[in-house]
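So the chains spell out like this:
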Amino acid sequence: MTRINSVTLVIALGVCVAIGLPVAAAIGLAREESEERAESRALGLAQVALVQGEETGNQLAAATDAINRLPADRPCDREGVDLMRQIDLESTLLQAVGWADGNVMRCSSIGGSERLFDLGEPEMTSSLQARIRRNVVLLDPSDRYFVVQRGHGVAVIHQQLALSFVKDYPSMSVALFSKSKGEILMQRGDVPRRYVRSSQLPYETFRDGNRQIAIVRSPKYDIGAIVVQSNASFYSYVNRAALILISIGLIVGVFLSLLLIDGARRWTSWPALIRSGLKRGEFELHYQPVVRLEDEKIVGAEVLVRWSDRGNLRMSPDQFIPLAEDAGIITLITDKVLDLLVADAQAILKIDPKFHFAVNISSQDIHRADLAERLNFLIRRSGLDAGQIVVEVTERSVVDAERAEATLGLLRATGVKVAVDDFGTGYSSLASVAKMKLDLLKIDKLFVGAIGTNSEVGRVTNKIVDLAKHLHLGIIAEGIETREQAEALRSMGVEYGQGYYFARPMIPHDLLQKLRKQRDEG
Ligand code: G
Ligand code: G
Ligand code: MN
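Residues numbered from 1 in each chain as written. Chains lettered and ligands numbered in written order. Predicted model: local features only at pLDDT ≥ 70, side-chain atom pairs only at ≥ 80, totals over all residues. Heavy atoms only, no water.

Draft legend 1. Just the site of ligand 1, in detail. Looking at ligand 1, the residues that line it are L304, V305, R306, P317, D318, I321, V337, N360, I361 and S362. Interatomic distance of 3.1 Å between a backbone N/O atom of V305 and a nitrogen atom of ligand 1. Between ligand 1 and R306 there is a distance of 2.5 Å, counted from an oxygen atom to a side-chain nitrogen or oxygen. Calculation on ligand 1 without its partners gives an accessible area of 490 Å², and the protein chains cover 78% of this total. Using a 2 Å cut-off from the grid points, one finds that ligand 1 occupies the largest pocket. Counting only elements with at least two residues in the shell around ligand 1, the list comes to β14 (297-309) and α4 (317-327). (Near = heavy atom within 4 Å. Polar contact = N/O pair within 3.5 Å; in protein donor to acceptor, adjacent residues only side chain to side chain. Areas by Shrake-Rupley, 256 points an atom, 1.4 Å probe, with all protein chains shown as cover. 1 Å grid on protein atoms, 1.4 Å probe; cavity = no way out; pocket = protein on both sides within 12 Å on 5 of 7 lines; lining within 4 Å. Sits in = over half its atoms within 2 Å of the grid points. Helix = DSSP H or I, 4+ residues; strand = E, 2+ residues; numbered from the N terminus.)

Below, the structure written as structure tokens:
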């Protein structure tokens, strides 16, 4: 038990490691790759911002040049305002244009010549003599505009228009700055001023803690663009993904471990339960009558073990027989069956002294040295003739080993008959069965069920019967459920039959009653 548990633990750990390691490795790689990517991505975005800034500069220069060409004595007459509206319409990055004298915009594309706007003092003057105001209120008091003035020409840019593309990158901050002043002109997100370094380099990238910074500078205008990729939030995405993946890995690991532990527990405790069930007498025998097809008289029975606790079936033999085989304790069950048979047989023999018993044994029983001895014991104690005992071996167990041949030889020397059970469901050829010098062949219910179905299997049934007769093997057909099947088998020359059509497996009491009735009817 403890050994199994530690084995289970090791397997469970192995499963966790097997799942956890690749996940962790994948995340490590993703993280490394994401650092490289952060750099090139930030640089690329800074480039985009700069191109946008330069294009704004181009439109601004063209607009202010045109406005500056207006006659200085009457810039705000109809032609002047029409020109401004025309420029406004045609420019994609300018919100409005106007003509200013000092700090007062006398006419504009938005206010015509009627409305004046006080622009306030310029905050800075660029190296190209552009006067810059960053927070001008125009029509709506809640909006702030970026206003550039060259001579009399004024161009209005919405604070964030030039940078609007970054809204698609939530972990990114971007700014346009003045190269000569080191001042931030406009920004989206938060770009600390200290990152805006003065340098002649066209571009540079650097890291600050877990932030990736990229700067590009315009060769044409007094502007540069800076992008701050806040890796913290970028990595928090990676970390979140990692967390999810690792959790999934762990959950799967734990789940698999539980399955393993559960499996191991079954594996360890079922044999224990079977052992204690054997000790407590929870096993009993049922008997399924075997009839002679010719007259449908019961001539014997297949002995079928049942595991029940005070009448309640604990587990079907289809389940516990394989479990016992895996655990290597099937021989204990076989011994129990033989013991129980000694007790049951005596009463049966009193009614029918020639009654046959067919006992199922497993492939492990065949490899026992003491099987023949156990059968001899049964013979002595029960008063049965050896020839009244049929040992049913499965097809696979007789064909696979040389040792099987030796044991079967010993068995036949005691005089018991040997039958191949479930014939046709294994892999053996009839020829290899013939070599084993068996006595009987049990045709599996699969073939019996196919009788009259005009199927391939149905035709094989005929062949098996023919070959068995050719090899002088007796035949028992099992799983007979209908009169048609019984008749068809009889007409093929099959001697014995077994199945629900005649009788189901029954307790000894019922078998005795049936046999008494048969005897009394003559
Ligand atoms: O009738 P039943 O459902 O019991 O049969 C289920 C399976 O269990 C069949 O394949 C049958 O051969 C097998 N079986 C029944 N009793 C025994 C037994 O005592 N020993 C072995 N080895 N198999 C048995
Ligand atoms: O493997 P073996 O032949 O020992 O198994 C016999 C099994 O076949 C038992 O489970 C028994 O209950 C079952 N059995 C017996 N007669 C019939 C039958 O007529 N039809 C079906 N389907 N099963 C049967
Ligand atoms: Mn059987």
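On we go from here.
Draft legend 2. Focus on the side chain of R217. When you line up the elements, R217 lands in strand β11 (residues 211-217). You can call R217 buried: its relative accessible area is 7%. Polar side-chain contacts of R217 include one of 2.8 Å to the backbone oxygen of L201. In terms of polar contacts, R217 uses its side chain to reach the side chain of E204, at 2.6 Å. Apart from the residues lying within four places of it in its own chain, the contact partners of R217 are L50, F177, K179, R197, S198, S199, L201, P202, E204, I223 and G224. (Buried < 20%, exposed > 50% of the residue type's maximum accessible area, 1.4 Å probe, protein only. Contact = heavy atoms within 4.5 Å.)

Draft legend 3. Here's a closer look at the pattern of salt bridges. One pass over the full model with this rule turns up 24 salt bridges. The partner of E282 in a salt bridge is R280, with the nearest N and O atoms 3.1 Å apart. A salt bridge links R374 to D339, with the shortest nitrogen-to-oxygen separation between them at 3.2 Å. Remark: D339 occurs in helix α5 (residues 330-351) and R374 occurs in helix α7 (residues 371-382); sequence separation between them is 35 residues. Residue classification places D339 among the partly exposed positions, given a relative accessible area of 39%. Through salt bridges with shared partners, one network takes in D335, D339, D365, R368, D370 and R374. (Salt bridge = Lys/Arg side-chain N within 4 Å of Asp/Glu carboxyl O.)

Draft legend 4. Structural detail: the state of the cysteines. Following the criterion strictly, the structure yields one disulfide and no others. The side chain of C76 participates in a disulfide bridge whose partner is C107; the two sulfur atoms lie 2.0 Å from each other. The chirality of the disulfide connecting C76 with C107 is left-handed, given an S-S dihedral of about -75°. Residue C76 is found in the loop between α1 (2-68) and α2 (78-90), and its partner C107 is found in strand β2 (residues 104-108); the two are separated by 31 residues along the sequence. Take C76 and C107: they sit in the same class, and that class is buried. (Disulfide = S-S within 2.5 Å.)

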